[in-house]
Amino acid sequence: MNSEDVFVYLTALVAVGVIFVALLATFLHSAVLAPIVIMGIILAVFLFQAKGNFSHKIESMEKLCFTITFMAIICSFILLYKVM
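Computed from a prediction, not measured in an experiment: that's the story for all the values here. (Residues numbered from 1 in each chain as written. Predicted model: local features only at pLDDT ≥ 70, side-chain atom pairs only at ≥ 80, totals over all residues. Heavy atoms only, no water.)

J.: Looking at this structure, I do not really get the overall build of the protein. What am I missing?
T.: Within the protein, the secondary structure is distributed over 3 helices and 0 strands. The secondary structure elements of the protein, listed N-terminal to C-terminal, are α-α-α. Considering only contacts in the protein between residues 6 or more positions apart, those separated by 24 or more positions represent 47%. When the accessible surface of the protein is split by element, carbon and sulfur atoms take 78% of a total near 6800 Å². (Helix = DSSP H or I, 4+ residues; strand = E, 2+ residues; numbered from the N terminus. Contact = heavy atoms within 4.5 Å. Areas by Shrake-Rupley, 256 points an atom, 1.4 Å probe, with all protein chains shown as cover.)

Quick look at the structure:
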């Protein structure tokens, strides 16, 4: 195995750990933590599918996440400052 494959598998294991810990925290504490579980699942799926050219895929996902975050910020400002 080359170092990039090892990095992918270790990162995927971390994502699976995030899913389990966030699930426990969600069930035992509060449902507010549920988005962490969703993000962990998405990260794990993307990482398990990443084979070869990993940095290019991560860069594409980074652009997609930036766009989604930017749209969420715009929507939150619209909802925050809407006329009642």
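J.: Even after reading the chapter, I still don't get the environment of Lys57, so can you show me in this structure?
T.: Summarising the element assignment, Lys57 is placed in helix α3 (residues 54–80). Separated by 11 residues in sequence, Lys57 and Phe46 have C-alpha atoms that sit 8.9 Å apart.

J.: What should I look at first to understand the packing of aromatic side chains in this one?
T.: How two aromatic rings sit relative to each other is set out by the distance from centre to centre and by the angle between their planes. Going through the model one piece at a time under the given rule, you end up with 2 aromatic pairs. Seen in terms of ring centroids, Phe77 and Tyr81 are 6.1 Å apart; in terms of plane orientation they differ by 5°. Their pairing is stacked. On the basis of relative accessible area, Phe77 is assigned to the partly exposed category, the value being 46%. Assessed through its relative accessible area of 61%, Tyr81 is described here as exposed. (Phe/Tyr/Trp six-rings, centres within 6.5 Å; stacked < 30°, edge-to-face > 60°. Buried < 20%, exposed > 50% of the residue type's maximum accessible area, 1.4 Å probe, protein only.)

J.: Please explain the layout of surface pockets as it appears in this structure.
T.: If a probe as big as a water molecule is rolled over the atoms, it shows which places are left empty. What the largest pocket holds in volume is close to 260 Å³. Contributing to the lining of the largest pocket are Met39, Ile42, Leu43, Phe46, Ile58, Met61, Glu62, Leu64, Cys65, Ile68 and Thr69. Those elements that place two or more of their residues in the lining of the largest pocket are α2 (34–49) and α3. Here the lining of the largest pocket takes 7 residues from α3, the largest share from any one element. A class-by-class count of the residues in the lining of the largest pocket yields 9 nonpolar, 1 polar and 1 charged. (1 Å grid on protein atoms, 1.4 Å probe; cavity = no way out; pocket = protein on both sides within 12 Å on 5 of 7 lines; lining within 4 Å. Points joined across faces, edges and corners; volume = space filled by probe spheres on them. Nonpolar A, V, L, I, M, F, W, Y, C, P; charged D, E, K, R; others polar.)

J.: Where do I start with a nonpolar patch on the surface in this structure?
T.: A surface patch of nonpolar side chains, about 380 Å² in accessible area, is lined by Ile38, Met39, Ile42 and Phe46. By the secondary structure assignment, Ile38 is in helix α2. (Patch = residues over 30% accessible without salt bridge, like charges linked within 9 Å, V, L, I, M, F, W, Y side chains within 5 Å. Salt bridge = Lys/Arg side-chain N within 4 Å of Asp/Glu carboxyl O.)

J.: Which parts of the structure should I look at to understand the confidence of the model for the protein?
T.: Reading fine detail from the predicted coordinates is not recommended where pLDDT is low. Chain-level statistics for the protein give a pLDDT mean of 75 and a share of 83% at 70 or above. For the protein, α2 is the element with the lowest average pLDDT, namely 73, and α3 is the one with the highest, namely 80. (pLDDT = per-residue confidence, 0-100.)

J.: Could you clarify how one ought to interpret the nonpolar core in this entry?
T.: The tendency in soluble globular proteins is for nonpolar side chains to be buried as a group. The biggest cluster of nonpolar side chains holds 7 residues, and these are Ala12, Ala15, Ile19, Ala22, Val37, Ala44 and Leu47. Of all the elements in the fold, those that place two or more residues in this core are α1 (3–28) and α2. Counting residues per element, this core draws most heavily on α1, which supplies 4 residues. (Core = buried A, V, L, I, M, F, W, Y, C linked by side-chain atoms within 4.5 Å.)

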